[in-house]
Every structure is written in C-alpha cells, then in structure tokens.
Amino acid sequence: MRLSLSGRSAAAAVIAATALLTTSAISTAATGSPGTAAPQRAAAAPDIPVANVKAHLSQFQSIASANGGNRAHGTAGYKASLDYVKGKLDAAGFTTTVQQFTSSGRTGYNLIADWPGGDANQVIFAGAHLDSVSRGAGINDNASGSAAVLETALAVSREKYKPTKHLRFAWWGAEELGLVGSTYHVRNLPAAERSKIKGYLNFDMIGSPNPGYFVYDDDPTIERTFKAYYSGLNIGTEPEREGDGRSDHAPFKNAGVPVGGVFTGASNTKSAAQAQKWGGTAGQAFDRCYHASCDSSSNINNTALDRNSDAVAYAVWGLSS
Ligand code: TRP
Ligand code: CA
Ligand code: ZN
C-alpha cells in the first residue's frame, strides 16, 4: 500500500486552501517576537502521516482480538483501548483526565486531554467515541476517528504548536449505548465552562470502505473550514444526513456549543451519482460491516482515512490559531 504517497499529494493540494484560510486569521500572539510589530501568519496544519493512524488501528484490532473480539463499554477491551490512548498522550505532554460514569450497571470512562497553554476562555475541542459495539472490533466505527484524533493530538506535541486558543481532545465511552459518555460530560460541565467551548469537532466513522465525503452542516464557520479543506483536494462534499444527532456532537449542540465534523457513511447506500463523484461502488452501503463482526482491520479505505485525518488537523489548526 502506497500510503505515504497519497498523504504527500493530499498535503500539497491543501497548501492553497490553507493559505486562504489563514490570510484572514492573522495571529499576533504566540509566534510574534517581542518588539516586532509585524503580524505573524498562523502556522499551517501538518500532514498527518496515515501510516501512524493505521498503526493505531492495528493496536485497537490487537486489543479487541486479545479481549474477546471487541472493545465495547464495560469490557476489558474498552479499558485497554483507553489505557493505550492515555499512555501516548501522557508521554506527549498532555494533561489527561479520566472521567468515570455508570451505564447499564457497568463503569464507563471518558478520556479528556488538555494541551497546556492557549486562551483558557476560548477552547477548541475535538473528540471521537472509543467504544465499539459488542459484535466486533469497531475499526471503522470508531477506531478510525479515535486514531485520527489521537494522531492529531500527537502532531500538536511534535510540532510544539502554540495555538492562540486552548486545545482539548476527548475519547468518549458508551457512545453505542446512546451517546452516554459525551452526554454525561456535557451535563457535568458548569455553564461557565460550557460557554468557553468555541467549537466541538466530532469524528465518528471516517474511513468507511466505500466512502462518501460528508460534512456536518451545523455551525457555518466549522462547516466552511472542512469544505475549504476538501475544495483544496478538488473533492465535492455533501452535507451529513445519515441521522442527525446520532453521534457525540449532539449533546454539545443541544447545549449551545457550535459543532461540526466529517463522516464517510454507515449503512446508507452509495448512489450512482455519488460513485461517479467519489469512486467506489454504487448500490452498496458506505460501510457493509457497520455494527457487524467484519468491522475489523480490513474494513478501512486508506485514502479516506488519510484525507480525513488531515482534515482533523486542518480544522484543529485553522480554528485554534
Ligand atoms: N454514531 C453512529 C454509530 O456509532 C454512526 C452514525 C450514524 C453517525 N449516523 C451518523 C456518525 C452521522 C456520525 C454522523 O453507530
Ligand atoms: Ca496525511
Ligand atoms: Zn456505532
């Protein structure tokens, strides 16, 4: 698989769009040297190496295989997934918090990671659910979003990024039981903390094997950001319509937080027009293994995973600089 090639060309194609996004978002903080009046251009988002994202997917698959084939809420596979992500973030300099809750008589966990610095009154927050259904390993749903958000956080550390806004990341528990972990988190946020969150970005199923390129049409600024990334790749997107409110952005949206995200499709069928536009197979589900035991290592389109991992970084950088 020539993963690095597609990663590189995606990055090159995005340069134009990055420049467009940052011209109007001149940053004088963080990078400005003392005594210099000249405004600094915001840092460009890095290319997220898809090979690193794939390495996380393979760890999640191994964790599932060693724990009865899944990473569901209340299981050892879920806890091992959380420990894996937390270990990487702690080593990279994040401040991590494990938030416990109970659902269906079992203990669940959210993992929250704060990147030290930035304006504490303006938080940009990206998250993904870390639990699978009990039928399988949940590699597209949702090791894909979990791995892309993790690798973006690790890139923040590698790049020693000093954003204007404060960055926060989360991996939610018990999404598959009805958005339980994210709902618990939002309910337990004091109103003053909630209002500091200037954007919540959600990544749930971003490497579907027969992918579509869907952008949540919630907050217009966030939607524009993802669309700008995709126009840089010359790819047309469509608004996400496969069940509004079916993932962890919903509790944030209901609490008045601006939300957005990208999605490559679940059990809906790809139309002929969509196959024309995006490639893949018309008349077939975006993810034939949705919530099935075959949602394992091979249930990923590497190009979609690469593009959307880069989209996570593009939005995190663009909205926080
Ligand atoms: N959240 C669903 C799951 O985990 C999948 C899903 C359906 C979804 N519709 C969506 C995710 C729209 C994001 C956006 O099973
Ligand atoms: Ca990439
Ligand atoms: Zn699911």
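Model, not experiment: these values are computed from the prediction.

**Q** Explain the coordination of the zinc ion (ligand 3) to me, and be specific about the residues and the numbers.
**A** Put simply, a metal with four donors set out as a tetrahedron has ideal angles of 109.5 degrees, and one with six donors set out as an octahedron has ideal angles of 90 or 180 degrees. Asp141 (OD), Glu176 (OE), Glu176 (OE) and His291 (NE2) make up the full set of protein donors to the zinc ion (ligand 3), lying at 1.9 to 2.6 Å. Coordination at the zinc ion (ligand 3) comes from six donor atoms whose angles at the metal span 55 to 152°, giving a geometry best classed as irregular. Judged by its relative accessible area of 4%, Asp141 falls in the buried class. By relative accessible area, Glu176 is classed as partly exposed at 22%.

**Q** Can you tell me about the site of ligand 1, naming the residues and giving the values?
**A** Surveying the vicinity of ligand 1 reveals 15 residues, the closest of which are Asp204, Glu242, Arg246, Tyr290 and His291. Take His129: an N or O atom from its side chain is 3.2 Å from an oxygen atom of ligand 1. With respect to ligand 1, the side chain of Asp141 contributes an N or O atom lying 3.1 Å from an oxygen atom. When the free accessible area of ligand 1 is taken as 360 Å², the share hidden by the protein chains comes to 98%. Residue classes in the shell around ligand 1 are distributed as four nonpolar, four polar and seven charged.

**Q** Just give me the short version of the side chain of Ser247, but keep the residues and values in it.
**A** Along the chain, Ser247 falls in the loop between strand E7 (238-239) and helix H8 (249-254). For Ser247, a relative accessible area of 4% corresponds to the buried category. Beyond its immediate stretch of four places on either side in the chain, Ser247 contacts Glu175, Leu179, Asn202 and Asp204.

**Q** Go over the packing of helix H3 (residues 76-91) against helix H4 (residues 139-158), please, and point to the residues and values.
**A** Between H3 and H4, the least distance of the axes is 10 Å, while the angle of their chain directions is 10°. Considering the angle they form, H3 stands roughly parallel to H4. Along its contact with H3, which presents Tyr84, Val85, Lys88 and Leu89, the element H4 presents Leu150, Ala153 and Leu154. The residue inventory of the contact of H3 with H4, partitioned by class, reads six nonpolar, no polar and one charged.

**Q** Now, about the pattern of salt bridges: what can you tell me, with residues and values included?
**A** With the rule as written, the count across this model stands at nine salt bridges. With its nearest N and O atoms 2.8 Å apart, the salt bridge here joins Arg168 to Asp114. On the criterion of sequence distance, the pair formed by Arg168 in strand E4 (residues 165-172) and Asp114 in strand E2 (residues 106-115) is long-range, its members being 54 residues apart. Arg158 serves as the salt-bridge partner of Glu151, at 2.9 Å between the closest nitrogen and oxygen. On the basis of relative accessible area, Arg158 is assigned to the partly exposed category, the value being 45%.

**Q** Provide a residue-level description of the sheet that holds strand E6 (residues 214-215), including the pertinent values.
**A** The eight strands are arranged E1-E2-E4-E3-E5-E8-E6-E7 in an open sheet whose pairing can be described as mixed. The two strands at the open ends of the sheet, each matched to only one other strand, are strand E1 (95-103) and E7. By the bridge criterion, five bridges tie strand E3 (residues 119-129) to strand E5 (residues 197-203) in an arrangement that is parallel. Counterpart to Ala126 in the pairing with E5 is Leu201. Those strands touched by H4 are E2, E3, E4 and E5, and its axis lies near 145° from that of E3. Across the sheet, helix H7 (residues 220-232) touches E5, E6 and strand E8 (259-263), and the angle it forms with E8 is around 30°.

So, how was this worked out
Residues numbered from 1 in each chain as written. Chains lettered and ligands numbered in written order. Predicted model: local features only at pLDDT ≥ 70, side-chain atom pairs only at ≥ 80, totals over all residues. Heavy atoms only, no water. Donors = N, O, S within 2.8 Å, 3.2 Å for Na, K, Ca; no water. Tetrahedral: all angles 85-135°; square planar, octahedral: opposite > 155°, others 65-115°. Buried < 20%, exposed > 50% of the residue type's maximum accessible area, 1.4 Å probe, protein only. Near = heavy atom within 4 Å. Polar contact = N/O pair within 3.5 Å; in protein donor to acceptor, adjacent residues only side chain to side chain. Areas by Shrake-Rupley, 256 points an atom, 1.4 Å probe, with all protein chains shown as cover. Nonpolar A, V, L, I, M, F, W, Y, C, P; charged D, E, K, R; others polar. Helix = DSSP H or I, 4+ residues; strand = E, 2+ residues; numbered from the N terminus. Contact = heavy atoms within 4.5 Å. Axes fitted to C-alpha atoms, helices over the stretch in contact; angles between N-to-C directions. Parallel < 35°, antiparallel > 145°, perpendicular 65-115°, else oblique. Salt bridge = Lys/Arg side-chain N within 4 Å of Asp/Glu carboxyl O. Pairing = 2+ DSSP bridges.

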